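# Summary of the model geometry
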Amino acid sequence: MKAQTEKQTRANYYFSSRDLLVVAVLSGIGGVMSTYVGYLGNLLNRIFGVPFGAGQFAAGLHVFWIIVAAGLVRRPGAATATGLLKGVVELLTGSTHGVVIVLVSLIQGLLVDLVLLLLRRHTVLTYSLAGALAAASNVIVFQLFYFSGAPLFYIALISGLAFISGILLGGCFGRGVIDIVLRARPFRLGVYPGDEANRLAAQSAGKTRLNFIVTGLLVLAFSAGAIYYYAFVFEPPWKGPVFSVEGAVEREGSFQLSDFAADETTITAELVGQVTYVPPQEYTGIPVKVILERCQPLEGATGLTVIATDGYQVEFPLEDVLTDDKMILIREEDTLRLIAGNYAGGYWVKLVSKFVVQ
Amino acid sequence: MEKYVATIKNLSFTYYGAAGPALEGINLQLRPGEFLILTGPSGCGKSTLALCLTGFIPHGYTGLMEGTVEVKGLDTRENTPGRLAGLVGLVQQDPEMQLCTLRVMDEVAFGPENLGLDPAEVTARVRWALAAVGASDLAERDLYSLSGGEKQKVAIASVLAMRPSLLILDEPTANLDPRCTAEVLAVMEKLRRDEDITVIVIEHRLERLLPLADRALYMERGRIVREFRGEELSVQAAQYRPFYRKIDRAGKPRVNTPAPPPRLQVEGLAAGYEAPLLKDVSFSLYPGEIAAVMGDNGSGKSTLLQALLGLLKIFRGKIYLDGTDITHEKVSRKAGWIGLSFQNPNHQLFESTVIKEAELPSLFLKGCRPGENRRVLSLLEQFDLLAYRDQLPFALSLGEKKRLTLVSLLAYSPPVLALDEPLVGQDPHRSELLLGALQEHRARGGVTLMVCHDPAVASAWCGRILFLEQGGLIIDAPTEKAFALLAARGLTHYLPGSSSGFITGEG
Amino acid sequence: MFLRRSPSVVSGYFPGLNYVPGQSFLHRAHPLVKLVLLVGFSITVLALPAPMAGIALFFALLAAYGMARLGPGFFWRKLRMIVLFGLAMVVVQVLVVKEGLLLAALPLYFFSLEIWSEGLRGGLVMMLRFLNIIGSSYLFVAVTNPNNLAYALMQAGLPYRYGFMLITAMRFIPIFQRELNQVRSAQMAKGIDLEGASLPKILRAVRYLLVPLVITALGKVDHLAISMEGRAFGLYHRRSYMQSQKLTWRDAVFLASAFIFFAALFFYFY
């Protein structure tokens, strides 16, 4: 009966059965815990009186399982597998995020693997970085799915929260638990050859204090950086959002409206759309032709595509735009909007992010 | 066909990092169709021997192996457990941890499917294996809905479906209550009668097994020290008694002596999660009493202990301590009066060193500062744990962990001790230590509720038995009378002697 | 209280929502067909921002809930929170966005409550997207037996060693649930005070909770590995299956008609 299948033994597998079971067990328990973590998040939201976001304090707890799996298996791919499996378990046990959670969790796993693969070290620093990036990624992925209309400032803030949580609960705490597991050895089967396990345990025991200090400094530095950034460097919405000009131009670039402050004009325009009508009113902004002139369209370029963050796009003939005085880019809260006075409502692009010259 | 199913020659094995060998100079030959019992104190190397026969040593566990093991002519050094899978099968202690699918049928089919067998052949094997353990009616069930005994039957069937020549059962009843134990023993009797395979059973509790056995081996410190055969077996079974020393029992005081007021009094208690699992339970414990809480798994024993502390929702009823109603006190206050230890010690270890762990409840419940409670050190010493004071609690053995939890409770000396199977993993010497601690607790007038599955312990140590069935307290009586009532109800597997066939190396 | 023991977690073997056994057409459909449809539905929801497309998809979803015969209250019971959250998003959008046509204005003392078409449209789109994605996921989970899903994936080519990771993870969920409760109870029995939500307390609570859980969970790995490898798990690259799940013509018709519906929506709204 053994002859009927090709003879291959487990030695050929990239992940041993034990590796896979570590991943399975941690994903399962991580999936179960996520319900509780979600509850904790809601509790924190209520304490801080915000609709969502404060729960990001707990974001690192989602990444924690991925870090522990990566630290115990120590093979690239383990984090990704854990992320994917944990996401599926969460979906099947009724996550309030539905199928989106699979992608969110998978991306977290990928990021952890990526960081550990690039840095090639398993230390509290690499775990913290991996944990921070992975934890912060969930905010961004959720925004991509359900663009909530929350101000960019708020999104940046909760990403920062998730980032810190990823350092503390994902990286540092994950590392601490990995050390405990290596010392307690709850499993013995096919662990690293004995020497390596002991070396790892000894190494982690010796360095705990140092790791702690380094982590503390890291957290302090990050927090100080974050405060500095938000206090002095961060350009809040009142200064203006960013858009880019690409394609067939001499100088591609990324700009803010304030870069063209000298050319600000005010026009009167009337929005006539299929469902929407806004009577003539005044708009103040920067003429698109000024922006394009600064970037110097190449000879032979014929069209301009205006692309919005939500993927909406419209096209204009380039020569028309370059002579159009009634096409301006204005600021609307923290987004950009194209006012195309000579065009119908459908051409008044909201949430402008990009101009592409063809 | 070979003369022997398995041959072990001069086998020694030392786990990596261990101080001494786990197995030393083992020689053993197993004949086809033989039924062999392997027994001995915990840590004697029984389970390690099972791992050697299945090939997980040397493939998997790291350490130094000398000598050879051959199963059906295949040397385990050259053949991985996977290759040996059709020849030798291992059923482990805890059924919960060895089942890996969601349905009974998938579990039994798991092995044959991994061999890549034809679906028709897989189906035939599943039918046969389930019938062989008398579990054909379970085929369509979900695993989580089974009782412990049913799970263990499925685990045995799933190994049988590989059609092994040698089946090893490693303490297959250790995690089961007496009723489920009886079910699994019946399976072994059936296998002995109907199937022609070699069986090794690793067990402590032997009475029902000895009549089945062709041979029994007694192991100690990694060696086979005695072998019993034929006539000798039944003699040994009668001769060797349980190790538990009798404690002088404190029953309910007789009517004509001035009755002290009860220490702990429970009246009409109903508790559970959404619906009561525990229905209308009433009893009183008097100063110095030790009561055994017995019953099948799921009958509400652990529920009762947890309900006392208010860890579950209390629907009706009252709990009095020294006449004061404490039913609706905060859990953290009640914990100061009722010291609860859980079945699985891993669930109740939190700290990074043994000493911190032992101090933990004293800090939270008595407001002691670290190092302030002197009792902690003396208790650690008394329970052979002081040497580990700065080690990680999780790295201790099961028995040590259970002792550590007890130390943490005794350190703040609550008037009521509620212990869930405190004797698991303890050898006779350590059981004596526990006994001593309970005596001290009695002397201070404390009461103890102890969940235990072993009638011998209940008979030797406890003055009273509380027997639960489906959440109701059906027997509350002094030990002897309780055993008589149990016998009258036909619950014979709860009587002492039903599991008391111990074999020791002496004599 | 932090991490309260909620009754729903203890009662069910799976928290909150899980597979609801049944015999409806959706229950019996091939698991992979359902998976493909879930992905197709979600992509359609995300790709088509038009409110009418969202409404059409929502009615399709309601029809599917009807087909699943989960009972009239099921949708509302499970999605109540999601609907309320969606309505909250609509309200926020209506209050914040003042664009498009002025649909209604309700003069109050200091300001007037105005409803602009763009605000209403934006809010509606968000709410529908949210409801459709989560509602479809819930339906998928309610009618798909995780065991069948995993076996179907393996029979469709997923290497079985990975497929069984999903099964094993699901298998241990009830046990993890129980252990989580045990650890919580043990903490209370030791008087570990978790009430209050200050940061150090939360961090300590997390440590006291996760460390025992991780250690106990990993303690199962050896036993499982022995049990599985002892039954030839991983011996060969391929294995057989006692029962195979086959696509029926009903599955094919179901799949095709759903995709025609998605395609029609794309054609009309994109």
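Computed from a predicted model, the values in this text were never measured in an experiment. (Residues numbered from 1 in each chain as written. Chains lettered and ligands numbered in written order. Predicted model: local features only at pLDDT ≥ 70, side-chain atom pairs only at ≥ 80, totals over all residues.)

### Section: the overall build of chain C
Summing up its helical and strand segments, chain C has 10 helices and two strands in all. For chain C, the succession of helices and strands along the chain, N to C, is α-α-α-α-α-β-β-α-α-α-α-α. Per-residue burial over chain C gives 49% buried out of 270 residues. Residue pairs at least 24 apart in sequence account for 76% of intrachain contacts in chain C once pairs closer than 6 positions are excluded. (Helix = DSSP H or I, 4+ residues; strand = E, 2+ residues; numbered from the N terminus. Buried ≥ 20, exposed ≤ 12 C-beta atoms within 10 Å, placed from the backbone. Contact = placed C-beta atoms within 7 Å.)

### Some details on the sheet that holds strand S4 (residues 277–287) of chain A
Residue and element names in this part refer to chain A. Judged by pairing direction, the sheet is antiparallel, and its four strands sit side by side in the order S3-S4-S7-S8 without closing on themselves. The open sheet has two free edges, formed respectively by strand S3 (265–272) and strand S8 (335–340), since each of these has just one partner strand. Shown here is a sheet whose adjacent strand axes are inclined to one another by a mean of 50 degrees, direction ignored. Judged from the six bridges that link them, strand S7 (residues 327–332) and S8 form a sheet pairing that is antiparallel. (Pairing = 2+ DSSP bridges. Axes fitted to C-alpha atoms, helices over the stretch in contact; angles between N-to-C directions.)

### Here's the deal with the pairing of strand S16 (residues 338–341) of chain B
All names here are of chain B. The two faces of S16 match: Ile338 and Leu340 on one face and Gly339 and Ser341 on the other face are all buried. The sheet contact formed by S16 and strand S17 (residues 416–420) spans four bridges and is parallel. Residue pairing in the sheet places Leu340 in a bridge with Ala418 of S17.

### Brief notes about the packing of helix H3 (residues 78–92) of chain A against helix H4 (residues 100–119) of chain A
All names here are of chain A. The N-to-C vectors of H3 and H4 enclose an angle of 165 degrees; their axes lie 7 Å apart at closest approach. Relative to H4, H3 is oriented roughly antiparallel. You can see that H3 and H4 cross each other, and the crossing is right-handed. Touching Ala79, Thr80, Thr82, Gly83, Leu84, Lys86, Gly87, Val88, Glu90 and Leu91 of H3 are Ile101, Val102, Val104, Ser105, Leu106, Gln108, Gly109, Leu110, Val112, Asp113 and Leu116, all from H4. (Parallel < 35°, antiparallel > 145°, perpendicular 65-115°, else oblique. Left-handed = near helix turned anticlockwise from the far one by under 90°.)

### Here's the deal with the domain arrangement of chain B
Residues and elements named next belong to chain B. Domain annotation for chain B reports domain 1 (6–239) and domain 2 (275–494). The gap between the C-alpha centroids of domain 1 and domain 2 is 33 Å. Tallying the contact residues gives 10 residues for domain 1 and seven residues for domain 2. Of the residues in the side of domain 1 that touches domain 2, the class split is four nonpolar, four polar and two charged. (Domains from an automatic or database assignment. Nonpolar A, V, L, I, M, F, W, Y, C, P; charged D, E, K, R; others polar.)

### As for the sheet that holds strand S2 (residues 253–256) of chain A
All names here are of chain A. Read across the open sheet, the five strands follow the order S2-S1-S9-S5-S6; overall the sheet is mixed. If you trace the sheet from one side to the other, it starts and ends with S2 and strand S6 (313–317), each paired once. Averaged over all pairs of adjacent strands, the angle between their axes in this sheet comes to 20 degrees, without regard to strand direction. Sheet topology places strand S1 (residues 242–247) next to strand S9 (residues 352–357); four bridges connect them, and they run parallel.

### Focus: the nonpolar core
Residues Val23, Ala69 and Val112 of chain A together with Ala157 of chain B are the most contacted members of the largest nonpolar core, which totals 307 residues. The residues touching Ala69 of chain A, leaving out its near neighbours within four places in the chain, are Val22, Val23, Leu26, Ala78, Ala79 and Thr82 of chain A. Counting 24 residues, the second-largest nonpolar core is a separate cluster that includes Ile291, Leu304, Leu336 and Phe355 of chain A. (Core = buried A, V, L, I, M, F, W, Y, C linked by C-beta atoms within 7 Å.)

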